[in-house]
Structure formats: structure tokens, C-alpha cells
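# Results of the structural survey
Here are the chains, one letter per residue:
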Amino acid sequence: MARRYDPERRRRIIDAAIRVVGRSGIAGLSHRSVAAEADVPLGSTTYHFKTLDELMVAALRQANEGFAKAIASRGGLEDTRTDLATELAGLLGEWLAGERTGVELEYELYLAALRRPALRPVAAEWCEDVTVLLSRRTDPVTARALVALMDGICLQVLLTGTPYDEAYAREMLDRVISGT
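The sections below set out a description of the structure shown in this document.

Each value, and the rule that gives it
Just so you know, the residues in each chain are numbered from 1, in the order the chain's sequence is written. Two thresholds apply to this predicted model, a pLDDT of at least 70 for residue-level local features and 80 or more for giving and counting side-chain atom pairs, whereas whole-chain, interface and lining totals are computed over all residues. With hydrogens and water excluded, all non-hydrogen atoms of the structure serve as input to the side-chain values. Salt bridge criterion: a side-chain nitrogen from Lys or Arg within 4 Å of a carboxyl oxygen from Asp or Glu. Only DSSP runs of H or I with at least four residues qualify as helices, and only runs of E with at least two residues qualify as strands; both kinds are numbered from the N terminus onward. Exposure classes here rest on a 1.4 Å probe applied to the protein chains alone. A residue is buried below 20% of its type maximum, exposed above 50%, and partly exposed in between. Convention adopted: a line fitted to C-alpha atoms gives each axis, helices being fitted over their contacting stretch, and angles between N-to-C directions are expressed from 0 to 180 degrees. Each angle is binned into one of four classes, with values under 35 degrees roughly parallel, values over 145 roughly antiparallel, values of 65 to 115 roughly perpendicular, and all other values oblique. Crossings are classed by handedness, with left-handed meaning an anticlockwise turn of the near helix from the far one by less than a right angle and right-handed meaning a clockwise turn. Pairs of residues are marked as contacts when any of their non-hydrogen atoms sit within 4.5 Å. Within 6.5 Å between ring centres, the rings of Phe, Tyr and Trp (the latter by its six-membered ring) count as paired, and their orientation is classed by plane angle as stacked under 30 degrees, edge-to-face over 60, tilted in between.

This next bit is on the pattern of salt bridges. Note on pairing: side chains with opposite charge can pair once their charged atoms come close. One pass over the structure, following the stated rule, counts 7 salt bridges. In this structure, Glu 37 and Arg 23 form a salt bridge, with 2.9 Å as the shortest nitrogen-oxygen distance. Taken together, the residues Glu 37 in helix H2 (residues 31–38) and Arg 23 in helix H1 (residues 9–24) connect sequence positions 14 residues apart. On the basis of relative accessibility, which here comes to 26%, the residue Glu 37 falls in the partly exposed class. Between Arg 175 and Glu 171 there is a salt bridge; the shortest N-O distance is 2.6 Å.

The next thing to look at is the packing of H1 against H2. When two helices pack together, their arrangement is given by the angle between their axes and by how far apart the axes lie. Contact geometry for H1 and H2: axes closest at 8 Å, N-to-C directions at 110°. Regarding the angle of H1 to H2, the classification is roughly perpendicular. When the axes of H1 and H2 are compared, the crossing they make is right-handed. Here Arg 12, Ile 13, Ala 16, Ala 17, Arg 19, Val 20 and Arg 23 of H1 lie close against H2, whose contacting residues are Ser 33, Val 34, Glu 37 and Ala 38.

In this section: the packing of aromatic side chains. Per the stated rule, a full pass over the model turns up 2 aromatic pairs. Plain terms: the ring middles of Tyr 107 and Tyr 110 are 5.7 Å apart, the flat faces sit at 90° to each other, and that makes the pair edge-to-face. Of this pair, Tyr 107 and Tyr 110 both sit in helix H6 (residues 100–112), 3 residues apart, roughly one helical turn. An angle of 70° between the planes, with centres 5.7 Å apart, marks the rings of Tyr 110 and Trp 126 as edge-to-face. With a gap of 16 residues between them, Tyr 110 in helix H6 and Trp 126 in helix H7 (residues 120–135) connect regions that are remote in the sequence. Overall, Tyr 110 belongs to the buried group, its relative accessible area being 16%. Here a set of aromatic residues connected by ring pairs shows up, and it is made of Tyr 107, Tyr 110 and Trp 126.

Within the secondary structure, Asp 174 sits in helix H9 (residues 166–178). Under the relative-accessibility criterion, Asp 174 is labelled partly exposed at 29%. For the pair formed by Asp 174 and Val 20, sequence separation is 154 residues and the distance between their alpha carbons is 38 Å.

By themselves these figures say nothing about function.
Quick look at the structure:
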């Protein structure tokens, strides 16, 4: 039987992995569960991703794109006339008000790096990319502190189920930016 050319299969497998983790968590991720979700033969998942870590790296990279798109959609981060704390607090609000499953998924994959060393470089890339972006508006040390604060705020909202408080976030971000 001739092999069918399917240039989108790799992407569909990654999308399926993201759906599986979103629904069942990291514990529910297997080549078999992803193959079933993507409606592809099991051999396709192992052909494109030899290990589950390789698949999770690809899924985390794709999930990270969501936050990058959110940042890119807000032109205020590039505009030095806008208040950086207000822009960042608004960005977090948009991010957390969006599709919650996607945000939870991104953090689940991000935190999986604690136990899966293969994911650590991807998690570090995300932190570094956001730090570089924020360094255009502030110094690198402050930019790293802002990334840590934003991470902390997001995790608190996700873990406690409390509503996002944009005014609080803006005040704390402003304190880091102004050094007070």
C-alpha cells in the first residue's frame, strides 16, 4: 500500500497531545492516547516523537506561542508612552480571562519541567523571551523580576481559583518597575 503524504500530521499530533493534557493532565499522556485523539496510527506518533518528552517539548513550545501572541497583540508594550505596569496587568487579565484550559495547560507543561529535564530548556526559553521583550522598556534585572511576579500572580489565580485582581497586579508591577 502506498504511503499517504500528510504534511500536517506532526502538527495534528501536537494539537492532540495538548488536548489530551488539557483533559487528562500529564498523567494521561501516552503515545496511544495521542494517536487515538489525533486519529492517526500509533506508529505515526512514535515516528514523529520518539519519546513522550519529545512530544511534551513540542506541545510546550506550541503552548508558549499563545502567550507570545497575546503579547504581540498588545502594541502598548512597544510604545514607551504607555504605562508598562498598566499594560502588563491588562495583558495578564486578557490571558487569564481567555480560554482557561489553555492557560492551565501551559502551566502544567511548564511545571512538568521540574520532573522532566527535557522540558527545562523550553521553559527557560519562555522566561528569557519575555525578559528580552520587557528589557526594551526596563533594565534586564527588573524585566526578570517582572516575569517572576507575573508567573506568581498567574499561578495564584490558577491554583486558588480566586478572580484576577487587575488593580492589585498593576500596583505590584508598578512597585517592581519603580523600585519601591
